[in-house]
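# Examining the three-dimensional arrangement
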Amino acid sequence: MAKRSHNEVKESLMELTRIFQPKDSKKFVRDYIRKYRIMGGYEEELTLLVEHEMGRLRSSVS
């Protein structure tokens, strides 16, 4: 993934997910990829990561 390690990108995205708590995970990931110039092919994996993190946030609030 671009100039960053794969884990660094995942950790950054998870942290941003916790901060912004996006309503549309696909749009959030597309914007993230565009802004940080992440190489293509990772959109689906990162979207699943955001959805998983949002699920964790919802379950911890309940």
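Residues numbered from 1 in each chain as written. Predicted model: local features only at pLDDT ≥ 70, side-chain atom pairs only at ≥ 80, totals over all residues. Heavy atoms only, no water.

To continue, consider the packing of aromatic side chains. How two aromatic rings sit relative to each other is set out by the distance from centre to centre and by the angle between their planes. Under the definition given, this model contains one aromatic pair. On the basis of an interplanar angle of 45° and a centroid distance of 4.9 Å, the ring pair of Tyr32 and Tyr36 is categorised as tilted. Here Tyr32 and its partner Tyr36 are both found in helix α2 (residues 25–36), four residues apart, which amounts to about one turn of the helix. (Phe/Tyr/Trp six-rings, centres within 6.5 Å; stacked < 30°, edge-to-face > 60°. Helix = DSSP H or I, 4+ residues; strand = E, 2+ residues; numbered from the N terminus.)

Its 15 residues give helix α1 (residues 6–20) an end-to-end C-alpha distance of 21 Å, which sits within 8% of 21 Å, the value for a rise of 1.5 Å per residue. Turning to α1, its buried residues number three or more, namely Val9, Leu13, Leu16 and Thr17. Here the buried residues of α1 occupy an arc of 105° about the axis, which is enough to place them on one side. In α1, the exposed residues that point more than 90 degrees away from the buried face are Asn7, Glu11 and Ile19. Of the surrounding elements, those touching the buried residues of α1 are α2 and α3 (43–61). One or two positions beyond α1, positive phi appears at Gln21, with a value near 45°. (Expected span 1.5 Å × (residues − 1). Buried < 20%, exposed > 50% of the residue type's maximum accessible area, 1.4 Å probe, protein only. Arc of directions from axis to C-beta. Contact = heavy atoms within 4.5 Å.)

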